[in-house]
Structures are given as structure tokens and as C-alpha cells.
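Chains, contacts and geometry: an overview
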Amino acid sequence: MPPTWLQIIATAFALSGWAKVIFDHISARPKIRGRVFCVMNGRTTHPQYPLVQLSSYMTYLYLYNMRHNSIHILDYEMELFIDRKWIPLSRYYGFHNLTNTEFSTEAGESIKFTDLKDRIINKKGLPAQYGIPVTGWLMFGGPIELFGKNTIKYRITCIDAYNKKHVFITNKYNLANINLVMEMEDLHVPESAFRN
């Protein structure tokens, strides 16, 4: 015997309650998105092996939470899309302890970071909250052969307190305006320091 309209409506109404419970559960989980605002590619020496040259990437991140439940981000990963493949980089931990926080462009122009320790994204201790962005610098590194290569995309993975990974990709054409970054961070960065 086929169900009556009343049975169909009652079933739909009952299922809609479960649908709301499922939707509320999914929408309560934090969902981090973001954008790479800028990347400065440079050369540095390995902290433990001074004769080893590395390609470094000083990266400014802008993160936001698309959900109402806040979450702390514990760690970050970065990959570059070069020559049609993703290349993982190593994160530089403790780079804020460097006594010399001055960087220079290839042309010798000075890049000065004031209070770098306070500007590192994970040193701020702020959770990613709905409607309140978290911004700051991180440094990554890789083989010296990557220095000056044309990077098409940047992939950032944020690992939250529950070990959940949040991934977003920024195309090199979607990097922020250099002047905006300098204004946000109150620093002087010559344009030659930013690679497009």
C-alpha cells in the first residue's frame, strides 16, 4: 500500500529535525580559511651547518574562521607549486630569536622588521575566531635550488589543536598589495623584496 500524503509529510518533518542536528554538528566545527598576503624569497645559511645555503620564504598569512567556534592553530606547513609539482618546505622554528632581524633584497635594499617576535603568527597566542582575522609572519625554507624560481601557487596547511588540517591555496596573482602589507605591519619593505 503506497504511503499517504500525511505519512510523507510526517516522515519529511521527522527527517528535517535530524537534518538540523547533523547540520548544527557540522557547522559547529571550526573551518579555517586564509590567504597568503606576501612571500619574500631570500637566501640564508642553515642554523646548524653554516656552509649550507638554503632558500628562505618569509611569509605573511591572513587567516579567518568561517564558523562560530574558535580554535587555536598549533602548526603550519607550506608547499610551493613550481614546474607543475608541489614542493614541501620546512618550517623555521625559533627564527624570531635571531639577533639580526634585518633582511636585504638582491639589490642590497634594507628590509627592517621591528618587534619581529610580536609579529609572528603563532607567537600571538590568538585563536582563530569568527569575524576576527589572525595575521602574522612565518618563515619556511628549502633547498637553495628553489631560490628565484617562479612559484605559481602557495599551499598552506594549518594544523589545529585537534590535529585537524585546514588547507588553502593562494595563486601568485592573488597576493595582496605590497603597500597594504607594509601599512598593516608598519614596516619598510622595498618592492624588490617581493617576488611575483
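An account of the accompanying structure is given in this report.

What follows is about the overall build of the protein. Scanning the protein from N- to C-terminus turns up 3 helices and 10 strands. Taking all 196 residues of the protein together, 40% fall into the buried category. Per element, the accessible surface of the protein, about 12,100 Å² overall, is 56% carbon and sulfur.

Applying the stated criterion to the full structure yields 4 aromatic pairs. Considering the side-chain rings of Phe 37 and Tyr 60, the 6.1 Å spacing of their centres and the 50° angle between planes classify their relative orientation as tilted. Of the two residues, Phe 37 sits in strand β1 (residues 32-45) while Tyr 60 sits in strand β2 (residues 53-65), which places them 23 residues apart along the sequence. Residue class for Phe 37 comes out buried when judged on its relative accessible area of 6%. Looking at Tyr 60, the relative accessible area reads 0%, which means it is buried. Positioned over the ring face of Phe 81 is Lys 153, at 5.4 Å from the centre of the ring. Over the ring of Trp 86 we find Arg 155; its NZ or CZ atom is 4.0 Å from the centre of that ring.

Moving on, we come to the side chain of Ser 56. Relative to the helices and strands, Ser 56 is located in strand β2. Here Ser 56 falls in the buried class, since its relative accessible area comes to 8%.

Right, let's get into the pattern of salt bridges. Counted under the stated rule, the structure contains 4 salt bridges. Between Glu 77 and Lys 165 there is a salt bridge; the shortest N-O distance is 3.9 Å. Here Lys 165 lies in strand β10 (residues 165-171) and Glu 77 lies in strand β3 (residues 73-82), a separation of 88 residues in the sequence. Overall, the relative accessible area of 33% leaves Glu 77 in the partly exposed class. Across the salt bridge formed by Lys 149 and Asp 83, the nearest N and O atoms sit 4.0 Å from each other. On the criterion of sequence distance, the pair formed by Lys 149 in the loop between β8 (134-143) and β9 (153-160) and Asp 83 in the loop between β3 and β4 (85-88) is long-range, its members being 66 residues apart.

Moving on, we get to the pairing of β9. Within β9, 6 of the 8 residues are buried, leaving the element largely enclosed by the surrounding structure. As defined by bridge partners, β9 adjoins β10 across 7 bridges and the pair is classed as antiparallel. Paired with Lys 153 across the bridge in β10 is Asn 171. The loop that links β9 with its antiparallel partner β10 comprises 4 residues; one of these, Asn 163, has a positive phi angle of about 65°.

Taken together, the 4 strands give an open sheet; going across it, the order is β4-β3-β9-β10, and neighbouring strands pair in antiparallel fashion. Strand pairing shows two members of the sheet lacking a second neighbour, β4 and β10, which therefore form its edges. The sheet shows a mean angle of 25° between the axes of neighbouring strands, direction not considered.

Quick notes on the rules
Residue indices begin from 1 for each chain and proceed along its sequence in written order. Local features in this predicted model are restricted to residues of pLDDT 70 or higher, and side-chain atom pairs are both shown and tallied only at a pLDDT of 80 or more, whereas totals for entire chains, interfaces and linings draw on every residue. As a convention, hydrogens and water are excluded, and side-chain values are obtained from all of the structure's heavy atoms. The way it works is that DSSP assigns letters per residue, a run of H or I at least four long becomes a helix, a run of E at least two long becomes a strand, and they are numbered from the N terminus. Here the term buried applies to any residue with accessible area under 20% of the maximum for its type, exposed to any over 50%, and partly exposed to those in between, with areas from a 1.4 Å probe on protein chains only. Exposure was quantified through the Shrake-Rupley algorithm and a 1.4 Å probe, taking into account, for residues, occlusion by the shown protein chains and nothing else. Note on aromatic contacts: the rings of Phe and Tyr and the six-membered ring of Trp form a pair at centre separations within 6.5 Å, being stacked when their planes are under 30 degrees apart, edge-to-face when over 60 apart, and tilted otherwise. Criterion for a charge above a ring: Arg CZ or Lys NZ at most 6 Å from the ring centre, at most 35 degrees from the ring normal. Between Lys or Arg on one side and Asp or Glu on the other, a salt bridge is scored when a side-chain nitrogen of the former is within 4 Å of a carboxyl oxygen of the latter. A pair of strands is labelled paired if DSSP reports no fewer than 2 bridges between them. Between N-to-C directions, angles span 0 to 180 degrees; the directions come from axes that are lines fitted to C-alpha atoms, helices contributing only their stretch in contact.

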